[in-house]
Structures are given as structure tokens and as C-alpha cells.
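Architecture at a glance
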Amino acid sequence: MRTLFRLGHLSGLFKAMLVIIAVATTVPMPRAAAAEAEPAAEAEAPISQEKLDSLLAPIALYPDQLLTQALMASTYPLDVVEAARFVKDNKELKGEELDKVVAEKNWDPSVQSLTAFPQVLEMMNDKLEWTQELGNAFLADEKRVLQTVQGLRQKAEAAGNLQSNEEQKVVKEQSIIIIEPAKPDVVYVPTYNPTVVYGTWWAPMYPPYYWPPPPYYYPRPVLYGAVGFGIGLAIGANHWGWCNAGWRGGDVNINIDRNNTFINNNKEFQNRAKSGNWQHNPSQRKGVAYGDAKTREQFRKSDPNAAASRRDARGFESGSRDAQRPDRGGSAGTRDMQRPDLGGSAGSRDIQRPSGGGDSQFGGSAGSRDMQRSGGGGFSQSSGTKPSFNASQSRQQAQNYSNRGASSRSSMGGGGRSGGRSGGGRRGR
């Protein structure tokens, strides 16, 4: 009988364990865990080729060096916004005068270099969502981005819309199409409608972005089929000759030895490009979130300021004690405002502690000691009602609370009755 009883007891435990396992597997994933899992799933599904075609179509026919500058700059969208607005507000600055001012700005050299091409910066600023998507795609897979550019150029050539002329030189090296300025010191930025220049657009679900040419830069564009050219822009060493596309290697080549003011003033850029290839600087991104978990993790490991970047990306203000905690946040001065089980307003520490507590650091206005205790014996200061003691407490506990109230009244009001009021509530006897 005893053996049967033991077996029955073990069987009952086994059934209980099965029930616990079944419940655990059906309980919805906590929000914090779900938030971490979603980017991982996103990283496993790379951007579709049709989507990538649409992102690159507006700039695939740019001269090679201008194209690579735009790709690098797109990974720093905040710099692009600042530079575009600065150039727009300072159109009178030109040449060396402009470079001298721009060199003092905390922008990546790729963005500083684009100040010589204000129409490109204006486009990237006007369509900031496109710019950020472009940058995310470039960071996720440089080689695939450059291959996509070549595929688009081949389509434009097949459609009769990519050829050498007075503004540009188109060179073919086997399967590689290179686009260069026709004159070494003047660059013409082409303008075209992507849905036309490549022939019939093949991905109707992903129509490419078309930026109509602003008359200021294209007063009377010279047309060659579906491609037009506006005002030529004189260029110098700060804006040309320091970067190029490594088509076969699938990366961007950087020449840090060129006499370039922007690069010379940026030691971090020089250090990262010592190998001759461009390397993204996550600190320069200034807290802008990355497009997927894989990219985010890749650059977080190489960024000594990654914690601050993640804090800024989430919108936390500086000075918050727990701003970097993934499960916490809030404005400056808060400690646990955003804990899932806690809450409160700015300036509180643990204002919503559900039980117990102790002294004023756990909530309440100045002068009260146990005002916000809600787990037994406390009273509501905001309601103005008498204290409601827990009936299950002993007489000695009740007396202790009463003694605390008397002590508080004495310390606040010099022993008078008026000193016992705090925040409008009445102290109980």
C-alpha cells in the first residue's frame, strides 16, 4: 500500500509539472523580450532586391565619387540635416570661405564634402526617411549595394539613357560601368526620373523616389534623352579625389593621404580608414537607431560610447540615473519611474512602491514620513481622510504609527496642531 501511495504521489507531481510546462509555453512573451526578439527576426530577412533597387535608383547614375559620398553620408542622417540647413541658410558662402567654416563643424567628412553639392544635400534632407533607409541598407551590405548600382546602370545603358557627353564620361571595364566628370575640375549632377531612365519600372510595389530638379540649380537643364544636367560645380581637393567605389571588392576606397582639410581635421576618420577602406563610425551617428539587430550589434561592439548612443536613440534626457537601463527610462531626476511595476512623476524616487516603504524617500511630500505607505498602516495624504489602520495589525503597531505622527507634527510645527498638516490632509489620532 505504501508503495502504491508513493507511486500515486509521484504521478501527481509529474502531472503538476506537465501543467506548469504547458502554461509556461502558452503564456505570451513579455514585452521587453518580444522587443528584443523582433529585431533578430528582422535581421534574418534582408531587404528585398526590388526595395533596394528603388532606394538606389535616384543616385545610381551619379558620378562614382559623388555616389560614394552620398552613400557614406546617408549613414549619418543628423549630420545631413544640419549640413543641408546650414548650406541653405548660407548660400553666399562659396569655395575656400565655405570650406573654412564647414571644417569647424562636427560632421563626418563625407557630409562636409557634400556641401559643395547643395542640391544633393537638399534632396537627402527633404526625403530624410529615404536617406535613413539608404544608409541602413549600405551598412547592412555594402557589396550588395554596389552590385545593385551596377545593375541599374546596365539597365539605363540598355535603355539608351547612359552615355558620354559634355558633362560626363561613361567608361566600361568588362561588366563594370564607371561614371566620371568630363572635366576634371567641374562636376555636373545629373537629374532624371527613375521610373523612366531605366526603362519600364519592374517593381510597382516599390516605386523609386523622384526629386524634381529645383530651378535654382537647374535653370535650363541640358537634356540627353531622359537625363538632364544643370549648373556645373567647381570642385577642389576637399570635395573630390579622396574616395571612390571599389566595384570588384564591394567597398568604398579612401585616400587619407590626400590634402583634404576635412579628413586632416578628423583623426577618428583617419584611424578607421588606415586600411584604405571606409569604416563607419558609430559615434558619429549620434544616437540614431540602426535598421536591424545584426547591424546594431555589429557597431555597438566597436563603439565605446554605445551606451550613450542607445540612451539618446531612445529619447532619454541626460542626468537620468537609470537612463541606460533597457527596462527603465524617464526624465532627469527620476530613479525608477519607468519600471514596469512602478510609476510616478518627475522628481520622485520610488513614489509608487506598492507596499511598505519607510521614510520620505519612498514618496510623499516634504514633512511626511509614512504618507505614501499603502501596504499597512499608512494613510492617503492627498485624500484628506483619517488614517485607516489594518485591522489585522496589533495594538502595538497602531501605537507606533500614532507616535510617528505625533513626532512629525512636533518637528514640523514646533509642537502646534497646525504643524501636523501637510498637503491638505488631516492627521488622525
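In what follows, the structure referred to is the one given above.
As a starting point, this report considers the structure included with it. This is a predicted model, so every value here is computed, not measured.

Turning to the overall build of the protein, a few remarks are in order. Scanning the protein from N- to C-terminus turns up 16 helices and nine strands. Counting across all 429 residues of the protein, residues that qualify as buried make up 43%. The contacts of the protein with a sequence gap of at least 6 include a subset with a gap of at least 24, amounting to 58%. Total accessible area on the protein is roughly 23,300 Å²; 50% of this is exposed by carbon and sulfur atoms.

The geometry of a pair of packed helices is captured by two quantities: the angle between their axes and the separation between those axes. Where helix α5 (residues 77-89) meets helix α8 (residues 118-126), the closest approach of the two axes is 9 Å, and the angle between their N-to-C directions is 130°. Overall, the two elements α5 and α8 adopt an arrangement that is oblique. Here α5 runs over α8; the crossing is left-handed. For the pair α5 and α8, contact is made by Val80, Val81, Ala83, Ala84, Arg85 and Val87 and by Pro118, Leu121, Met124 and Asn125, respectively.

Per the counting criterion, the structure on display carries five cavities of 30 Å³ or more. There is about 130 Å³ of room inside the second largest cavity. In terms of lining, the second largest cavity is formed by 15 residues, of which the most central are Pro58, Tyr62, Met123, Thr191 and Trp211. Looking at the lining of the second largest cavity, the elements with two or more residues in it are α8 and β4 (190-192).

With that settled, consider the sheet that holds strand β5 (residues 222-224). As summarised here, the arrangement of the three strands in space is β4-β6-β5, forming an open sheet in which the pairing is antiparallel. Only two strands of the sheet have a single neighbouring strand rather than two, namely β4 and β5. Strand-to-strand twist in this sheet, taken as the mean axis angle between neighbours without regard to direction, amounts to 30°. Pairing between β4 and strand β6 (residues 227-229): three bridges, direction antiparallel. Pairing of tyrosine 192 across the sheet is with valine 227, part of β6.

The subject of this paragraph is the side chain of histidine 239. Within the secondary structure, histidine 239 sits in the loop between β7 (233-234) and β8 (243-246). One polar contact links histidine 239 to aspartate 99, side chain to side chain, over a distance of 2.8 Å.

Our focus in this paragraph is α8. Of all nine residues in α8, seven are buried, a share of seventy percent or more. Here α8 has its buried residues at Pro118, Gln119, Val120, Leu121, Met123, Met124 and Asn125. Buried residues belonging to α8 abut α4 (64-73), α5, α9 (128-140) and β7.

The rules behind these values
- Residues numbered from 1 in each chain as written.
- Predicted model: local features only at pLDDT ≥ 70, side-chain atom pairs only at ≥ 80, totals over all residues.
- Heavy atoms only, no water.
- Helix = DSSP H or I, 4+ residues; strand = E, 2+ residues; numbered from the N terminus.
- Buried < 20%, exposed > 50% of the residue type's maximum accessible area, 1.4 Å probe, protein only.
- Contact = heavy atoms within 4.5 Å.
- Areas by Shrake-Rupley, 256 points an atom, 1.4 Å probe, with all protein chains shown as cover.
- Axes fitted to C-alpha atoms, helices over the stretch in contact; angles between N-to-C directions.
- Parallel < 35°, antiparallel > 145°, perpendicular 65-115°, else oblique.
- Left-handed = near helix turned anticlockwise from the far one by under 90°.
- 1 Å grid on protein atoms, 1.4 Å probe; cavity = no way out; pocket = protein on both sides within 12 Å on 5 of 7 lines; lining within 4 Å.
- Points joined across faces, edges and corners; volume = space filled by probe spheres on them.
- Pairing = 2+ DSSP bridges.
- Polar contact = N/O pair within 3.5 Å; in protein donor to acceptor, adjacent residues only side chain to side chain.

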